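Analysis of the macromolecular model
Chain by chain, the residues run as shown.
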Amino acid sequence: MTIRKFNQHQPQLGDKVYVDQTALVVGNVHIGEDSSIWPMAVLRGDVHSIHIGARTSIQDGTVCHVTHAGPYDPEGHDLYVGDNVTIGHKAILHGCRIESNCLIGMGTVVMDGALIKENVIVGANSLVPPGRVLESGYLWVGSPARKIRKLTEEETDFFRYSADNYVKLKNQYLDQDD
C-alpha cells in the first residue's frame, strides 16, 4: 500500500483498515475502523481533508479528491463519506458529502458541494451536480441525477449487508497479508 504524508499531514487509519497495495492515500485523510480501500483507488487529501467513515468500502479505481480554498471558493470543499457506505468501482467523489448507509453506483460522479443524505442509492453512471442535495430514502439515477422512487425495505437492508460483506472480504485480505 502507498500511504504518503503531504506537508504536515499523515493519513490516519482506524483499526482493521485494509488499503490495497496498489491504492494511494495521501495527506489529510482519515479512514474509519473496518473500512476498505480497493485496488487503484486514490484518496488525495492534499489541499483539504478527506474523512471516510467506519465500515465503508471505496472500490477499485475510485478517485476521491477535494477543492482548495481560494478566490473562487473561499472555504474550498472537503470530502466526507459516512459509515456503512459502498462506493462502486470507478466513481469520482470531489469535495462532496455522503452521509451514512448509502450506495454510490459504479462510474458515478459526485461534484463539489453536493450532499447525499443517508439511506440513498445513486445508480451507476449518474452525475450529482455541484451543490445538489439528494433527499434521504430514494433511488436517484441519471445525468443529472433525478429522484426515481422511494427505496424498499429490502434495499435499505442492503446497506448493512453490503458493509458486512466488505468487512468480511477485507478481513480475508488482511489475514492473507499476515
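Keep in mind that this is a model prediction, so the values were computed, not measured.

Remarks on the overall build of the chain
- Each helix and strand in the chain was counted, giving one helix and 20 strands.
- Relative to the compact-globule value of 16 Å for 178 residues, the chain shows a C-alpha radius of gyration of 15 Å, a close match.
- Projected onto the principal axes, the alpha-carbon positions of the chain cover approximately 45 × 45 × 20 Å.
- Residues classed as buried in the chain amount to 46% of the 178 residues present.
- Relative to all contacts within the chain whose residues are 6 or more apart in sequence, the contacts with residues 24 or more apart total 23%.
- If you sum the accessible surface of the chain, you get close to 8,800 Å²; carbon and sulfur atoms cover 51% of it.
- The chain carries 16 positive and 22 negative side-chain charges, and their two centres are separated by 4 Å.

Notes on the pattern of salt bridges
- Per the counting criterion, the structure on display carries six salt bridges.
- The residue Lys 170 makes a salt bridge to Asp 34 at a minimum N-O spacing of 2.7 Å. Here Lys 170, found in helix H1 (residues 153-177), pairs with Asp 34, found in the loop between strand S4 (24-31) and strand S5 (36-37); they are 136 residues apart in sequence, far enough to count as distant. You'll find Lys 170 and Asp 34 in the same group, each marked buried.
- Residue Arg 160 pairs with Asp 164 through a salt bridge whose shortest N-O separation is 3.5 Å. In this pair, Arg 160 and Asp 164 are both assigned in helix H1, four residues apart and thus about one turn of the helix distant.
- Under the relative-accessibility criterion, Arg 160 is labelled partly exposed at 46%.
- A cluster of three or more residues bridged by salt bridges with shared partners is formed by Arg 55, Arg 160 and Asp 164.

A closer look at the sheet that holds strand S3 (residues 18-19)
- Strand order in the open sheet formed by eight strands is S3-S5-S7-S10-S13-S16-S19-S20, and the pairing between neighbours is mixed. A strand with exactly one partner marks an edge of an open sheet, and here the two such strands are S3 and strand S20 (146-150).
- As judged from the three bridges shared by strand S13 (residues 102-104) and strand S16 (residues 120-122), these two strands associate in the parallel manner. Residue pairing in the sheet places Leu 103 in a bridge with Ile 121 of S16.

Let's talk about the pairing of strand S6 (residues 42-52)
- As paired strands, S4 and S6 are joined by seven bridges and run parallel to one another. Directly across from Val 29, in S6, lies its bridge partner Ile 50.
- Across three bridges, S6 lies against strand S9 (residues 79-81) in parallel orientation. In the strand pairing of S9, His 51 is matched with Tyr 80.

Basis of the calculations
Residues numbered from 1 in each chain as written. Predicted model: local features only at pLDDT ≥ 70, side-chain atom pairs only at ≥ 80, totals over all residues. Heavy atoms only, no water. Helix = DSSP H or I, 4+ residues; strand = E, 2+ residues; numbered from the N terminus. Rg over C-alpha atoms; globule rule 2.2 N^0.38 Å. Buried < 20%, exposed > 50% of the residue type's maximum accessible area, 1.4 Å probe, protein only. Contact = heavy atoms within 4.5 Å. Areas by Shrake-Rupley, 256 points an atom, 1.4 Å probe, with all protein chains shown as cover. Lys, Arg positive; Asp, Glu negative; His and termini not counted. Charge placed at Lys NZ, Arg CZ, Asp CG, Glu CD. Salt bridge = Lys/Arg side-chain N within 4 Å of Asp/Glu carboxyl O. Pairing = 2+ DSSP bridges.

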